[in-house]
Amino acid sequence: MALVEVQVPDIGDFDEVTVIELMVKVGDTVKAEQSLITVESDKASMEIPSSTAGIVKEMRVALGDKVKQGSIVLVVEAAGAAAAPAAAPVAAAAPAPVAAPVAAAAPAASGPLQVHVPNIGDFKDVVVIEVMVKPGDTIKVEQSLITVESDKASMEIPSSHAGVLKELKVKVGDTVNIGDLLAILEGTVAVAAPVAAAVAAAPAASVAVASVPAAAPATVAAVVAAVTAPAHTPGGTTLGLPHASPSVRKFARELGVPLAEVKGSGLKGRITEADVQAFTQAVMSGAAQTKAQAAKAPAASGGGGSELGLIPWPKVDFAKFGPIERKEMGRIKKISGANLLRNAIMIPAVTNHDDADITDLEAFRVSTNKENEKSGVKVTMLAFLIKACVAALKKYPEFNSSLDGDAIVYKNYWHIGFAADTPNGLMVPVIRDCDKKGVLQISQEMGELAKKARDGKLSPAEMSGATFTISSLGGIGGKYFTPIINAPEVAILGVCKSTMEPVWDGKQFVPRLMLPLSLTWDHRVIDGAAAARFNAFLGQILSDFRRVLL
Ligand code: CAO
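What you see is a predicted model, and the numbers here were worked out from it, not measured in a lab.

S.K.: Sorry if this is basic, but what is going on with the overall build of the protein here?
M.R.: Along the backbone of the protein there are ten helices and 30 strands. The buried share of the protein, reckoned over its 550 residues, is 45%. Contacts spanning at least 24 positions in sequence make up 64% of the contacts within the protein whose residues lie at least 6 apart. Split by element, the accessible area of the protein, about 26,900 Å² in all, is 57% carbon and sulfur.

Okay, structure coming up:
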């Protein structure tokens, strides 16, 4: 096997950048395009991917090193054919320099000041994923107000003015575009040159960067804040925010980790993804508590067990009883494990089991697939189930809701997640707007998403926003199981393998193909009668699919 030197690809106009994070070590197996290191200039940070799959034999850079295009990052013993060189896509996505410091052209102004979304390049309809300020806050010029996210990038939107925040015009979940009004400030303040102008000076590519490598269409997943402009302040926080890149902040947000409580191990205190993972593990194992947990914990918990008052996890030296092999869990397993544990503990969940007669539906599916043989799209039972569930969710909307404090949020969209078994662990891709799609389209999207999941290429956007999830073990076997609700959803349907069974039709036993259904629901929102009705309705639809039209 050949030794390959992996180099820093074309990183645009950046001359020398500093290595701020090492994401792999000698002995690690890396995939082509897996991020190896994070580098940072004073305007942006970006992850440098591997051009080759293989085993890391030698690291040629250390934290704090300065590197530039062509610098050797590490040496890999290549596992097979090298990936296409990274340079081309990187060049396309490479940030261009942000315009001259915003404050330089600052005139003065007073009275109400409007802050608009600046030029964010080619991005349209970006979603507000974080609001960093609140009315009454004193805002500095260029202070980040919100974080927005498209399917390719996350970026912080800075304030073009300084002053006291009087009114925020957006909230989390809103969609915004260039020029939209974000906030109204008040005060006699120095005003920056419009940020829009500053940003406009940088081509769209300066923000066309992916926040999560797995989702990155470009080879380099450059995270960050070229738009936000302020250079990173090593060792401190950026404008009061913990010192971490947007991708790390987003990762922490997804896990519900309070970033301000995470200690950064990166260069000069920078918080890395590994720090967030370690924090999550420490909290989940009871070795640490978040401030919020500590505030809520009963005084009598004594600190030895968890706040649930459980006895400690048994510590056993397994090697005493026989040979063992210890393997660290992969990242996805760790993250999904933490989520599953929270959902299993925090949701008062109940499971109703039922059977649906799918004899006619399966015959229809088989004949449809025969007719469509040439189209290449295989219609799956799961696609019919998704359609049937949408009908049931519309009839029983509490199953398509979420809890928000004391309120129930009913969603008027039907995005269905489906559990996919992958070599890396369980993933839940989401098919959007299933009410508007036919079974063929759902089957096709499901096939594509399942493949992406198995290849580890699902983007966070493709795994978010589900209103209800289906977990099908139908292709594998079993009769019933108790799926765990995927919070903040309030219900999940588990499906097992259909079998031919004798069913009494009033006069005789007839052979019918029966599909076992297991519906788990959150008892805070749903009650047993509703769950029984939901399953019964689902059964009716599956036994006569024409009902889906009613
Ligand atoms: N009863 C009987 N047979 C079924 C069935 C059911 N309920 N569902 C699927 N099958 C059959 C299919 O018809 C197919 O048979 P053919 O190849 O002869 O046509 C075979 O099983 C394989 O189906 P599949 O698994 O490829 O397709 P799917 O649409 O059923 O599932 C996917 C797709 C992605 C959900 C599946 O591959 C998967 O990952 N399942 C596991 C999900 C999981 O792990 N859930 C547990 C979560 S809790 O840990």
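S.K.: Any chance you could explain the sheet that holds strand β8 (residues 72-78) here in plain terms?
M.R.: Pairing between the strands of a sheet comes from backbone hydrogen bonds, and it takes one of two forms, parallel or antiparallel. Pairing is antiparallel in the open sheet, where four strands are placed in the order β1-β8-β6-β3. The open sheet has two free edges, formed respectively by β1 (3-7) and β3 (29-30), since each of these has just one partner strand. Two elements, β3 and strand β6 (residues 54-59), share two bridges in a ladder whose sense is antiparallel. Bridge pairing links Thr 29 to Ile 55 in β6.

S.K.: Just to check I follow, could you spell out the site of the ligand for this structure?
M.R.: Surrounding the ligand, one finds 19 residues, the nearest of these being Lys 378, Asp 421, Ser 471, Cys 496 and Ser 498. Between Lys 378 and the ligand, the recorded distance is 2.9 Å, taken from a side-chain N or O atom to an oxygen atom. Backbone polar atom of Cys 496 to a nitrogen atom of the ligand: 3.0 Å apart, as the coordinates give it. Computed on the free molecule, the ligand has an accessible area of 970 Å², of which 65% lies beneath the protein chains in the complex. Elements supplying a minimum of two residues to the shell around the ligand: β24 (420-422) and β27 (468-472). Grouping the constituent residues of the shell around the ligand by class yields nine nonpolar, six polar and four charged.

S.K.: Whenever I open this one, helix α7 (residues 359-371) confuses me. Can you help?
M.R.: The periodicity of an α-helix, 3.6 residues per turn, causes residues three or four places apart in sequence to face the same way. Over its 13 residues, α7 extends 19 Å from the first C-alpha to the last, a length consistent with the 18 Å expected when each residue adds 1.5 Å. Within the span of α7, buried status applies to Thr 359, Leu 361, Glu 362, Arg 365, Thr 368 and Asn 369. Packing partners of the buried residues in α7 comprise β20 (349-357), α8 (381-395), β30 (509-522) and α10 (528-543).

S.K.: Sorry, what's going on with the sheet that holds strand β12 (residues 138-139) here?
M.R.: The sheet built from four strands is open, its strands ordered β10-β17-β15-β12 with antiparallel pairing. A single partner strand is all that each edge strand has here, and the edge strands are β10 (113-116) and β12. Sheet analysis places strand β15 (residues 163-168) next to strand β17 (residues 181-186), joined by four bridges and oriented antiparallel. Bridge assignment links Leu 165 to a residue of β17, and that residue is Leu 185.

S.K.: I'm lost on the side chain of Arg 365 in this one. Help?
M.R.: With respect to the helices and strands, the residue Arg 365 is situated in helix α7. If we ignore the near neighbours within four places in the chain, the residues touching Arg 365 are Lys 378, Val 379, Thr 380, Met 381 and Phe 384.

S.K.: How should I be thinking about the nonpolar core in this particular structure?
M.R.: For soluble globular proteins, the rule of thumb is that nonpolar side chains tend to be buried together. With 54 residues, the main nonpolar core has Leu 385, Phe 399, Phe 468, Ile 470, Leu 493 and Leu 542 as its most contacted residues. Contributions of two or more residues to this core are made by α8, β23 (416-418), α9 (439-454), β27, β28 (491-495), β30 and α10. Per element, the largest residue contribution to this core is twelve residues, and it comes from α8. If we skip the residues at most four places from it in the chain, Leu 385 touches Ile 470, Leu 493, Val 495, Leu 515, Leu 517 and Leu 542. Counting residues in hydrophobic clusters, the runner-up holds 20 residues, among them Val 126, Ile 139, Met 155 and Val 170.

Criteria and thresholds
Residues numbered from 1 in each chain as written. Predicted model: local features only at pLDDT ≥ 70, side-chain atom pairs only at ≥ 80, totals over all residues. Heavy atoms only, no water. Helix = DSSP H or I, 4+ residues; strand = E, 2+ residues; numbered from the N terminus. Buried < 20%, exposed > 50% of the residue type's maximum accessible area, 1.4 Å probe, protein only. Contact = heavy atoms within 4.5 Å. Areas by Shrake-Rupley, 256 points an atom, 1.4 Å probe, with all protein chains shown as cover. Pairing = 2+ DSSP bridges. Near = heavy atom within 4 Å. Polar contact = N/O pair within 3.5 Å; in protein donor to acceptor, adjacent residues only side chain to side chain. Nonpolar A, V, L, I, M, F, W, Y, C, P; charged D, E, K, R; others polar. Expected span 1.5 Å × (residues − 1). Core = buried A, V, L, I, M, F, W, Y, C linked by side-chain atoms within 4.5 Å.

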